[in-house]
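Below, each chain spelled out in residue letters.
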Amino acid sequence: MDIKQIFENNRNWVNDKLNKDPNYFNELSEGQSPQLLYIGCSDSRVTAEELIGANPGDAFVHRNIANMVSNLDLSAMSVINYAVAQLKVKHIVVCGHYYCGGVKAAMQSQDLGILNPWLRGIRDVYRIHRTELNAIENEEEKYKRLVELNVQEQCINVLKTAEVQLAYRSRGISVHGWVFDIHSGRLIDLEIDFAKKLEGISEIYRLGE
Ligand code: CO
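Residue numbers restart at each chain and count upward from 1, following the sequence in its written direction. A pLDDT threshold of at least 70 governs which residues receive local features in this predicted model, and a stricter bar of 80 or more applies before side-chain atom pairs are shown or counted, although totals over entire chains, interfaces and linings include all residues. With hydrogens and water excluded, all non-hydrogen atoms of the structure serve as input to the side-chain values.

### A short note on the environment of tyrosine 126
- Looking at where tyrosine 126 falls in the secondary structure, it is placed in helix α6 (residues 115-128).
- Burial classes follow relative accessibility: with a 1.4 Å probe on protein chains only, a residue under 20% of its type's maximum area counts as buried, one over 50% as exposed, and anything between as partly exposed. Overall, the relative accessible area of 19% leaves tyrosine 126 in the buried class.
- Along the primary structure tyrosine 126 and isoleucine 39 are separated by 87 residues, whereas in three dimensions their C-alpha atoms are 20 Å apart. Secondary structure elements are taken from DSSP: a helix is a run of H or I of four residues or more, a strand is a run of E of two residues or more, and numbering for both begins at the N terminus.

The following block contains the structure:
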């Protein structure tokens, strides 16, 4: 992308918005009340807002390599806390994608320096689901399944936070695990049974009254 072109694009976008609604940016500046928190991969092909048809104000977004929800990641934890406790979002989505470079790297033994601790979270997902994954002979299918299982485990990590548990008990917030299939452009709902998952971990991870 040409940097000058970006500013040209921005001017065109502003004009387009103002042509449709002269008050557009005035209203946008008044505040936000998104109903959705989207946690996705930083991959340049997986453009959060565009692929879900969200407009400015619709989605609170957090992206990192391989859509990880790590409990020591101050950034992810702050985003979840703010979205749930302050913005009071109704839904939290963890969206992974097939052909994810982060997941691929975690299936290999290469030393990647600072990425090692980050990708270790995905290796942990592999270890937890080792029996299922090792039974898949086709490498591409195994890779795709690890992407799905990683989404599932990151959803569970979302459920481990106190604010999400409180929001579930007090106002029925929901968590969704999705995968974006780059090959077809389609979003796939993994239909993770959120209530069942929460029940399954609450014995150990329950926080608060
Ligand atoms: Co990715």
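### Some words on the coordination of the cobalt ion
- Each metal's donors comprise the N, O and S atoms found within 2.8 Å of it (within 3.2 Å for Na, K or Ca). Water is not part of the atom list, so some coordination spheres may appear incomplete. Protein coordination of the cobalt ion is provided by Cys41 (SG), His97 (NE2) and Cys100 (SG), with donor distances spanning 2.0 to 2.3 Å.
- Taken in chain order, the donor set of the cobalt ion reads C-x55-H-x2-C. One end of the pair, cysteine 41, is in strand β1 (residues 36-41); the other, histidine 97, is in strand β3 (residues 91-97), with 56 residues separating them in the sequence. In terms of burial, cysteine 41 and histidine 97 fall into one category: buried.

### What to know about the packing of helix α4 (residues 74-86) against helix α9 (residues 162-171)
- Lines fitted to the C-alpha atoms define the axes, with helices restricted to the stretch that makes contact. Angles between their N-to-C directions range from 0 to 180 degrees. Contact geometry of α4 with α9 gives a least axis separation of 10 Å together with a crossing angle of 20°. By the angle between their axes, α4 is roughly parallel relative to α9. Judged by the twist between their axes, the crossing of α4 over α9 is left-handed. In this structure, α4 uses Met77, Ile80, Asn81 and Val84 to contact α9, whose residues at the interface are Glu163, Val164, Ala167 and Arg171.
- Throughout this entry, Asp, Glu, Lys and Arg are counted as charged residues, while Ala, Val, Leu, Ile, Met, Phe, Trp, Tyr, Cys and Pro are counted as nonpolar. The remaining residues, Gly among them, count as polar. When its residues are assigned to classes, the contact of α4 with α9 shows five nonpolar, one polar and two charged. For this classification, under 35 degrees means roughly parallel, over 145 means roughly antiparallel, 65 to 115 means roughly perpendicular, and everything else is oblique. Crossings are classed by handedness, with left-handed meaning an anticlockwise turn of the near helix from the far one by less than a right angle and right-handed meaning a clockwise turn. Residue contacts follow a heavy-atom distance rule, with two residues in contact if any of their heavy atoms lie within 4.5 Å.

### Notes on the environment of arginine 169
- Relative to the elements of secondary structure, arginine 169 occurs in helix α9.
- In this structure arginine 169 comes out as partly exposed when scored by relative accessible area, which is 33%.
- Those residues in contact with arginine 169 that lie beyond four places of it in its chain are Arg206, Leu207, Gly208 and Glu209.

### Regarding a nonpolar patch on the surface
- On the surface, Met1, Ile3, Ile6 and Phe7 cluster together into a nonpolar patch covering about 500 Å² of accessible area.
- Summarising the element assignment, isoleucine 6 is placed in helix α1 (residues 3-20).
- Classification of isoleucine 6 by relative accessible area gives partly exposed; the value is 33%. Patch membership needs two things, relative accessible area over 30% and no salt bridge, and members are linked within 9 Å if like-charged or within 5 Å if nonpolar (Val, Leu, Ile, Met, Phe, Trp, Tyr). For the accessible areas, the method is Shrake-Rupley and the probe is 1.4 Å, while residue cover comes only from the protein chains on display. What counts as a salt bridge is simple: a side-chain nitrogen of Lys or Arg found within 4 Å of a carboxyl oxygen of Asp or Glu.

### Let's talk about the pattern of salt bridges
- Applying the stated rule across the entire model yields seven salt bridges.
- For arginine 145, the salt bridge identified is with glutamate 132, shortest N-O distance 2.4 Å. You can see arginine 145 sitting in helix α8 (residues 139-159) and its partner glutamate 132 sitting in helix α7 (residues 130-134), a full 13 residues away along the chain.
- A residue is classified by how much of its surface remains accessible, and arginine 145, at 25% relative accessible area, is partly exposed.
- In this structure, the salt-bridge partner of lysine 142 is glutamate 139, at a minimum N-O distance of 3.8 Å. Of the two residues, lysine 142 and glutamate 139 are both situated in helix α8; the distance of three residues between them amounts to about one turn of the helix.
- In this structure lysine 142 comes out as buried when scored by relative accessible area, which is 11%.
- Through salt bridges that share partners, Glu132, Arg145 and Glu148 make up one connected network.

Function-wise, these values are silent; they only describe arrangement.
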